[in-house]
Amino acid sequence: MRRVLRTAAVAAGAAMIGYGVYGLLADPYIGDPLGVLRWAVGGLLLHDGLWLPLVCAVGAVAARRTAVRAALAVAAAVTAVALPVVLRANDDHGNPSVLPLPYLRNWLLALAVIALATTAAALLRRHRRRRGPR
């Protein structure tokens, strides 16, 4: 049964990749498909070669608890998505609608929510452990 599910997952993934490549090559708005491919490979190398090992190393060194590791992984993902717009916050080239939101504040709020949710989960787990089984 596992082999069947694994084969189906691989086939579905390959079909999605094929559909994406077809869309890339057939889209009339993409003038340089090789540029998109270089960008995608660069992003993959940056992620798998630098970002992922860094996040794993920090998680292994800084956090012994699973909840904290999970929070660090989520915070790293949020940071990876938010950092480009946070760094370009004042670079609107005279058009305030390009980057209209307070991205630094929103990123910090997202990190605070992650920290609060992790703290609440840890406190709830500690409380349940102290109460014991019913």
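Since the model is a prediction, treat every value here as computed from it, not as a measurement. (Residues numbered from 1 in each chain as written. Predicted model: local features only at pLDDT ≥ 70, side-chain atom pairs only at ≥ 80, totals over all residues. Heavy atoms only, no water.)

Caption draft 1: Fine view of the packing of helix 2 (residues 33-62) against helix 3 (residues 66-87). It is at 9 Å that the axes of helix 2 and helix 3 come closest, and there the two elements cross at 150 degrees. By the angle class used here, helix 2 and helix 3 are roughly antiparallel. Helix 2 and helix 3 meet at a crossing whose hand is right-handed. Taken together, the residues of helix 3 that come into contact with helix 2 (itself represented by W51, V55, G59 and A60) are R69, L72, A73, A76 and A80. (Axes fitted to C-alpha atoms, helices over the stretch in contact; angles between N-to-C directions. Helix = DSSP H or I, 4+ residues; strand = E, 2+ residues; numbered from the N terminus. Parallel < 35°, antiparallel > 145°, perpendicular 65-115°, else oblique. Left-handed = near helix turned anticlockwise from the far one by under 90°. Contact = heavy atoms within 4.5 Å.)

Caption draft 2: Seen up close, the nonpolar core. Core analysis: the biggest nonpolar cluster contains five residues, these being A82, V86, L99, Y103 and W107. Listed by contribution, the elements that provide at least two residues to this core are helix 3 and helix 4 (103-131). Those residues within four positions of W107 in sequence are excluded, and the remaining contacts are V78, T79, A82 and V86. (Core = buried A, V, L, I, M, F, W, Y, C linked by side-chain atoms within 4.5 Å. Buried < 20%, exposed > 50% of the residue type's maximum accessible area, 1.4 Å probe, protein only.)

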